[in-house]
Amino acid sequence: MTKKADLSINFCGVKFENPFCLSSSPVGNHAEMCSRAYDAGWGGIVYKTLGLEKSFKVVMPSPRLSVYNYGNKKFVGLQNAEQITDRPIKDNIRDIALLKKNYPNKILISSIMGYTDEDWSELAKMSEDAGADILELNFSCPQMAHKSAGHRVGQDFHAVAAFTEVVKKSSKLPVIAKMTPNITDMIPVAIAAKEGGADAISAINTIKAITDIDINNFTPLPNIHGHSAATGFSGPSVKPVAMRFVSDLYNSKDLNLPISAIGGIETWIDALHFLLLGATNLQVTTGILRYGYRIVEDMIEGLSDFMIERNIKSLNEIIGKATEKIVDPSEFTTRYQVISVIDEEKCIGCGQCYISCQDGANQAIKFDPKTRKASVDEERCVGCLLCKHVCPVWDCISYKEVDTKNAKHAAIF
Ligand SMILES: Cc1cc2nc3c(=O)[nH]c(=O)nc-3n(C[C@H](O)[C@H](O)[C@H](O)COP(=O)(O)O)c2cc1C
């Protein structure tokens, strides 16, 4: 048997066998699905958000999904127009209790969304009584029909603080506040959640977006009987935005709360990126919608192999390590400049680097039409690396760094 690294984490005082969790969505909709996810190896599940029928009329439109395809690459992002669960609360509470009975060592996080203080309190108590380990407060669904629900609450730090406090007073369970990315600065809202008593922050929920338009009838997608809306966007396309928010949260000295990262995680490398930016726990939806629960096997194996290779004994050794390198752009040094280096052997003579450098950079690439080889005019190169990024050949263009104190090169804009 191959050696496995210790992937266990302690998040909000709760031990997870690994950091990988389902995020709240249809991937964790009922007991049968969640059982299969636990069996596949997921360390925890954030159950599909619960609400009370008396407060919300849940609208589940059809069709409710639209994909963002780019070139011939399918599913680089996903737009959904779904709300919280439309299953009866009694069925979901029964399922949560059943899951905890059958899987006592797996972690179950109950995601809740109230409308009034009483709702939040009732949902917290019901979840705790059913055996949930942690509560996640959904302050972030972008398509709730109610004015005082979902991401509208998550944009109002007074409401976030007040509802978090209500939940903390109603239950002894640790509380995660789930943030909306539909806001410029997440920190004041996360701090409001902390003031209300939150034990952790999760981010991100989906980004409000429009993915596509049917040019035959001028209707954005999903086309819901002739209408559409800007609704939640997720998947690989949102990962850079999610990484920025997670890094902001981790770097905030005033916040200082553990983070559960969500947004475009599909592989162990995605997972590692978020750990390096400060996440302790990781959640996934779109990757599972696309590939199924089985992706967790590769995530566990990949992260475990990486840790063994690097002699990393615990994930705590790497959490937040990349944030040490993140500074304000005003602190960048200009003393060192890079210059592109083209490997003539690998150059296929397509001229892409030349075109991009001509029209989008500093006209530093020369192209010989006879030999069909590109070369670098080092005097003109400002080291933006556009040529390297557009080159279709992996590793054809690299770069060297020069100390501008001694060199004749300098940016010539
Ligand atoms: C179809 C769908 C339904 C979702 N429903 C919920 C929900 O009920 N509660 C919630 O907190 N987040 C919900 N989300 C958001 C996800 O939990 C997650 O925050 C988001 O999709 C980003 O992660 P991903 O890129 O791994 O999908 C939903 C996402 C999708 C795609």
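Residues numbered from 1 in each chain as written. Predicted model: local features only at pLDDT ≥ 70, side-chain atom pairs only at ≥ 80, totals over all residues.

Chemist: Looking at this model, I keep getting lost on the nonpolar core. Mind explaining?
Modeler: Inside soluble globular proteins, nonpolar side chains tend to come together where they are buried. By size, the foremost hydrophobic cluster in this structure holds 95 residues, and its most contacted members are Ile45, Val160, Ala177, Ile201, Ala203, Val246 and Phe274. Apart from residues lying up to four places away in sequence, Phe274 is in contact with Met243, Val246, Ala261, Ile265, Ala279 and Leu282. Counting residues in each nonpolar core, the second largest holds 16 residues, with Ile342, Cys347, Cys353 and Ala361 among its members. (Core = buried A, V, L, I, M, F, W, Y, C linked by C-beta atoms within 7 Å. Buried ≥ 20, exposed ≤ 12 C-beta atoms within 10 Å, placed from the backbone. Contact = placed C-beta atoms within 7 Å.)

Chemist: Just to check I follow, could you spell out the site of the ligand for this structure?
Modeler: Near the ligand you find 28 residues, and of these Ser23, Ser25, Ser234, Thr285 and Thr286 are the closest. Mapped by element, the contributors of at least two residues to the shell around the ligand are strand S4 (44-50), strand S6 (73-80), strand S14 (231-234) and helix H9 (286-291). Looking at the shell around the ligand residue by residue, the classes come out as 8 nonpolar, 17 polar and 3 charged. (Near = placed C-beta within 6 Å. Helix = DSSP H or I, 4+ residues; strand = E, 2+ residues; numbered from the N terminus. Nonpolar A, V, L, I, M, F, W, Y, C, P; charged D, E, K, R; others polar.)

Chemist: It is not clear to me how the sheet that holds strand S10 (residues 200-203) should be interpreted in this structure. Could you clarify?
Modeler: Neighbouring strands of a sheet are bound in pairs by backbone hydrogen bonds; such pairs are parallel or else antiparallel. The strand order around the closed barrel formed by 8 strands is S3-S4-S7-S8-S9-S10-S15-S16, and the pairing between neighbours is parallel. Averaged over all pairs of adjacent strands, the angle between their axes in this sheet comes to 25°, without regard to strand direction. Strand direction decides the pairing type here: strand S3 (residues 20-22) and S4, joined by 2 bridges, are parallel. For Leu22, the partnering residue across the bridge sits in S4 and is Ile45. (Pairing = 2+ DSSP bridges. Axes fitted to C-alpha atoms, helices over the stretch in contact; angles between N-to-C directions.)

Chemist: Mind showing me how you'd approach the sheet that holds strand S11 (residues 207-209) here?
Modeler: In spatial order, the strands read S5-S6-S14-S11; together these 4 strands make up an open sheet with antiparallel pairing. Edge strands, defined here as strands with exactly one partner in the open sheet, are strand S5 (65-70) and S11. Recorded for the sheet is a direction-independent mean angle of 45° between the axes of neighbouring strands. Pairing geometry for S5 and S6, over 5 bridges, is antiparallel.

Chemist: Sorry, what's going on with the packing of helix H5 (residues 157-170) against helix H6 (residues 187-195) here?
Modeler: The description of two helices packed together rests on the angle between their axes and the distance between the axes. Between H5 and H6, the least distance of the axes is 7 Å, while the angle of their chain directions is 25°. For the element pair H5 / H6, the angle class is roughly parallel. With respect to the hand of their crossing, H5 and H6 are arranged in right-handed fashion. Residues Phe157, Val160, Ala161 and Thr164 of H5 pack against Pro188, Val189, Ala192, Ala193 and Glu195 of H6. Considering only residue class, the contact of H5 with H6 consists of 7 nonpolar, 1 polar and 1 charged. (Parallel < 35°, antiparallel > 145°, perpendicular 65-115°, else oblique. Left-handed = near helix turned anticlockwise from the far one by under 90°.)

Chemist: Help me out: how do you make sense of the domain arrangement of the protein in this one?
Modeler: Quite often, the size of an interface is put as the accessible area lost when its parts meet. Taken domain by domain, the protein consists of domain 1 (9-325) and domain 2 (333-403). Between domain 1 and domain 2, the C-alpha centre-to-centre distance is 42 Å. (Domains from an automatic or database assignment.)

Chemist: Please clarify how the pairing of strand S7 (residues 107-112) should be interpreted in this entry.
Modeler: Side chains on a regular strand alternate between the two faces of the sheet. Counted residue by residue, S7 has 6 buried out of 6 residues, so it is predominantly covered. Burial along S7 is two-sided: the residues Ile107, Ile109 and Ser111 and Leu108, Ser110 and Ile112 are all buried. When S4 meets S7, the two strands line up parallel, connected through 5 bridges. Note on S7: the bridge partner recorded for Leu50 is Ile112.

Chemist: Honestly, the packing of helix H8 (residues 268-276) against helix H10 (residues 295-309) in this entry has me stumped. Any pointers?
Modeler: With their axes 8 Å apart at the nearest point, H8 and H10 run at an angle of 60° to one another. The angle between the axes of H8 and H10 places the two elements in the oblique class. Crossing hand, H8 versus H10: right-handed. Every residue of H10 that contacts H8 at Trp268, Ala271 and Leu272 is listed here: Asp298, Met299, Gly302, Leu303 and Phe306. Class assignment for the residues of the contact of H8 with H10 results in 6 nonpolar, 1 polar and 1 charged.

Chemist: Explain the environment of Tyr47 to me, please; I cannot follow it from the model alone.
Modeler: Tracing the sequence through the fold places Tyr47 in strand S4. In this structure, the C-alpha to C-alpha distance between Tyr47 and Glu136, residues 89 residues apart in sequence, is 9.2 Å. With residues up to four places along the chain from it excluded, the contact list for Tyr47 reads Ser24, Gly28, Ile96, Leu108, Ile109, Ser110 and Ser111.

Chemist: Got a minute to help me understand unusual backbone geometry in this structure?
Modeler: Generally, phi is negative for residues other than glycine and the peptide bonds are trans, each holding for most cases. Residue Ile204 is reached from Ala203 by a cis peptide bond, and omega for that bond is 15°. As for its position among the elements, Ile204 is in the loop between S10 and S11. That bond from Leu221 to Pro222 is cis: its omega, -5°, falls within 30 degrees of zero. Even without being a glycine, Leu385 presents a positive backbone phi close to 70°. In this fold, Leu385 is placed in the loop between strand S19 (373-376) and helix H12 (386-390).

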